[in-house]
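Structural overview
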Amino acid sequence: MDLRKAVAVTAVMFTPLAFGQDSDNWADDWKGETELGVLITSGNTEETNIKGRLGLIQEVETWRNTGEFRTNYSETEDETTAEKYQASLETNYKFSANQYWFLRGAYEDDRFSGYDFESSLTTGYGQRVWRSGERSFLDLSAGAGYRYNKLEMVNARGEDAEKEAIARLAGQFDYAVSENALFRQELSTEIGLDENNTITESETSLQANVVGNLSMKAAFRVKHLSDPPAGSENTDTETSLSLLYGF
């Protein structure tokens, strides 16, 4: 399955879910936020770091839809040192006040990961196990699906891709520290059921309102692979400080 096929399959699966929902003003239900972090240095060291993100969410009576798109680019002395693009889409059908079924698709293209691209499609059960007010909650989910990761080079078994069924566990904890500050912890792990390659991702962040819809955000991201491609590290980390605009 190439990128065009993966995108087409995901789009076909999500479109009827998104448009067949219980809202008279479907477009008006969407909220979102854009995030941008830029660092440019010159002189003894010339370096450019750019981080961008777009997050979207729609929540109506029985459905919740989210989309996230990320990019990360770094250049040092005219040499690219990081180039990553990520996208994920998820739809939740809320069959009770705190329980939901989810369908999630994800795609990542990281130039320095040893993969040409990584993709997965999962479905399962989630529950909002705790909630306090409008901004504080804890969501936990568990499900299963399929992973297709295209390798840049064939592995020791002569394969050019990792294709296997996976189990997915995930959680998101939001806590309103104050009226103007929010702490967020996101954690997920996808466990290969054939080759047992486990991919774990975590983001810890704190954002505080500056003025109006503008906020500052500090974040620490970790991605760990139990069995990365040959020549690649097990763990990638990213520390960032960025501006966030909500709409």
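Residues numbered from 1 in each chain as written. Predicted model: local features only at pLDDT ≥ 70, side-chain atom pairs only at ≥ 80, totals over all residues. Heavy atoms only, no water.

The next subject is unusual backbone geometry. Backbone geometry places Asp-78, a non-glycine residue, at a positive phi of 65 degrees. Within the secondary structure, Asp-78 sits in the loop between strand S3 (63–76) and strand S4 (79–94). (Helix = DSSP H or I, 4+ residues; strand = E, 2+ residues; numbered from the N terminus.)

Moving on, we come to the sheet that holds strand S1 (residues 30–41). Judged by pairing direction, the barrel is antiparallel, and its 12 strands sit side by side in the order S1-S2-S3-S4-S5-S6-S7-S8-S9-S10-S11-S12 before closing back on the first. Across this sheet, the average inter-strand angle for adjacent strands is 20 degrees, counted without regard to direction. (Pairing = 2+ DSSP bridges. Axes fitted to C-alpha atoms, helices over the stretch in contact; angles between N-to-C directions.)

The next subject is the pattern of salt bridges. A full pass over the atoms with the stated rule returns 24 salt bridges. The residue Arg-147 makes a salt bridge to Glu-164 at a minimum N-O spacing of 2.9 Å. Here Arg-147 is found in strand S7 (residues 136–151), whereas its partner Glu-164 is found in strand S8 (residues 161–178), with 17 residues between them in sequence. For the residue pair Arg-147 and Glu-164, the accessibility class agrees, reading buried in each case. Of the charged contacts in the structure, one is a salt bridge between Glu-203 and Lys-217, with a shortest N-O distance of 3.4 Å. (Salt bridge = Lys/Arg side-chain N within 4 Å of Asp/Glu carboxyl O. Buried < 20%, exposed > 50% of the residue type's maximum accessible area, 1.4 Å probe, protein only.)

In the structure shown here, the tally under the stated rule is seven aromatic pairs. A connected cluster of aromatic rings, assembled from ring pairs, spans Trp-130, Phe-173, Tyr-175 and Phe-183. Over the ring of Tyr-100 we find Arg-64; its NZ or CZ atom is 5.0 Å from the centre of that ring. A cation over an aromatic ring shows up here: Arg-128 above the ring of Phe-137, its NZ or CZ 3.9 Å from the ring centre. (Phe/Tyr/Trp six-rings, centres within 6.5 Å; stacked < 30°, edge-to-face > 60°. Lys NZ or Arg CZ within 6 Å of the ring centre and 35° of its normal.)

In this model, the chain carries a mean pLDDT of 89, and residues with pLDDT of at least 70 account for 89%. Model confidence for the chain, summarised as mean pLDDT per element, is weakest for helix H1 (residues 3–19) at 45 and strongest for strand S9 (residues 181–192) at 98. Scored below 50 in pLDDT, residues 1–20 shows 23 contacts in the model against residues more than four places distant or in partner chains. (pLDDT = per-residue confidence, 0-100. Contact = heavy atoms within 4.5 Å.)

Turning our attention to a nonpolar patch on the surface. On the surface, Val-129, Trp-130, Leu-140, Tyr-175, Val-177 and Leu-206 cluster together to form a nonpolar patch covering roughly 530 Å² of accessible area. Looking at the nonpolar patch, the elements that each hand over two or more residues are strand S6 (115–132) and S8. The residue Leu-140 is located in strand S7 in this model. When its relative accessible area of 42% is taken as the criterion, Leu-140 is described as partly exposed. (Patch = residues over 30% accessible without salt bridge, like charges linked within 9 Å, V, L, I, M, F, W, Y side chains within 5 Å. Areas by Shrake-Rupley, 256 points an atom, 1.4 Å probe, with all protein chains shown as cover.)

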